[in-house]
Amino acid sequence: MYQINGVSHGTVLCLLSTIGEGIHKFPSSKHFVSWMRLAPNNKITGGKLISSRTPKGRNELSLALRQAANAIGNTKEHPLKQFFNRVAYRKGRGAAITATARKLAAIIYHMLTNKEEFNPDYLGHHQGYERQKKIISIKKMLAKVSLSEQERNYIFT
């Protein structure tokens, strides 16, 4: 049995009633997410991004996934919580709900097409990346301060 914490029985029923067994009619998860109107509509002219708003549209499945994403935002422990918080900090809670719903839709697509369970450890690879970025940032700050050997030993003990 496949499961994702935060996705309720109602969301799964909405998925089955909306697309049924027709998940394979979408060639990729990007097509599936775009069909649900969760992917941003990037308008680019001259190499410059003019707009990246998510198009309007009322799809019952996208509404259910947005509710699931909102529930993920309210939980204390969830594999997607860090992603939700990162987007919410930069762009606000509404954008975080849409982005998390899009990520949930892509996860569901891959679960159904590949017939495999949700692996939250796959999402954890980003945490290692974030840690490396923080280490590089700390090294740069320490290089600016130019501490003596004794001061560095005092800080790191």
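Scope of this entry: the structure provided in the associated data block.

Conventions and cut-offs
- Residues numbered from 1 in each chain as written.
- Predicted model: local features only at pLDDT ≥ 70, side-chain atom pairs only at ≥ 80, totals over all residues.
- Heavy atoms only, no water.
- Pairing = 2+ DSSP bridges.
- Helix = DSSP H or I, 4+ residues; strand = E, 2+ residues; numbered from the N terminus.
- Buried < 20%, exposed > 50% of the residue type's maximum accessible area, 1.4 Å probe, protein only.
- Arc of directions from axis to C-beta.
- Contact = heavy atoms within 4.5 Å.
- Axes fitted to C-alpha atoms, helices over the stretch in contact; angles between N-to-C directions.
- Left-handed = near helix turned anticlockwise from the far one by under 90°.
- Nonpolar A, V, L, I, M, F, W, Y, C, P; charged D, E, K, R; others polar.
- Phe/Tyr/Trp six-rings, centres within 6.5 Å; stacked < 30°, edge-to-face > 60°.

Some details on the pairing of strand E2 (residues 48-51)
Where strand E1 (residues 43-45) meets E2, three bridges bridge the pair, whose relative direction is antiparallel. Across the sheet, residue Lys43 finds its bridge partner in E2, namely Ser51. Linkage of E1 to E2, two consecutive antiparallel strands, is achieved through a turn of two residues, within which Gly46 is found at a positive phi near 65 degrees.

A short note on helix H4 (residues 81-91)
All buried positions along H4 are accounted for by Lys81, Phe83, Phe84 and Val87. Buried residues of H4, viewed axially, fall in a sector of 160 degrees; they line one side. The exposed residues of H4 that point more than 90 degrees off its buried face are Tyr89 and Arg90. Contacts from the buried residues of H4 go to helix H3 (60-74) and helix H5 (93-114).

Quick notes on the side chain of Thr11
Mapped onto the elements of the fold, Thr11 is located in helix H1 (residues 9-19). Each residue touching Thr11, except ones within four places of it in the same chain, is listed here: Leu61, Ala64, Leu65 and Ala68.

Quick notes on the packing of H4 against H5
Here H4 crosses H5 at 145 degrees, and the two axes come no closer than 7 Å. Considering the relative orientation of H4 and H5, their crossing is right-handed. Every residue of H5 that contacts H4 at Phe83, Phe84, Val87, Ala88 and Lys91 is listed here: Arg93, Ala95, Ala96, Ile97, Ala99, Thr100 and Lys103. Tallied by class, residues from the contact of H4 with H5 come to eight nonpolar, one polar and three charged.

As for the packing of aromatic side chains
The geometry of an aromatic ring pair comes down to the distance between the two centres and the angle between the two planes. With the rule as written, the count across this model stands at four aromatic pairs. Seen in terms of ring centroids, Phe26 and Trp35 are 5.3 Å apart; in terms of plane orientation they differ by 45 degrees. Their pairing is tilted. Look at Phe32 and Trp35: their rings are 6.3 Å apart centre to centre, the planes differ by 20 degrees, and that puts the pair in the stacked class. A residue pair is termed a helical-turn pair when its members lie 3 or 4 positions apart in one helix, as Phe32 and Trp35 do in helix H2 (residues 29-35) at three residues. Under the relative-accessibility criterion, Phe32 is labelled buried at 1%. A residue is classified by how much of its surface remains accessible, and Trp35, at 35% relative accessible area, is partly exposed.

Looking at H1
The periodicity of an α-helix, 3.6 residues per turn, causes residues three or four places apart in sequence to face the same way. Among all positions of H1, only Thr11, Cys14, Leu15 and Ile19 are buried. Angular distribution of buried residues about the axis of H1 spans 105 degrees; they occupy a single face of the element. In H1, those exposed residues whose orientation departs by more than 90 degrees from the buried face are His9, Leu13 and Ser17. Contacts made by the buried residues of H1 are with H2, H3 and H5. Immediately beyond the C-terminal end of H1, within one or two residues, lies Gly20, with a positive phi of roughly 60 degrees.

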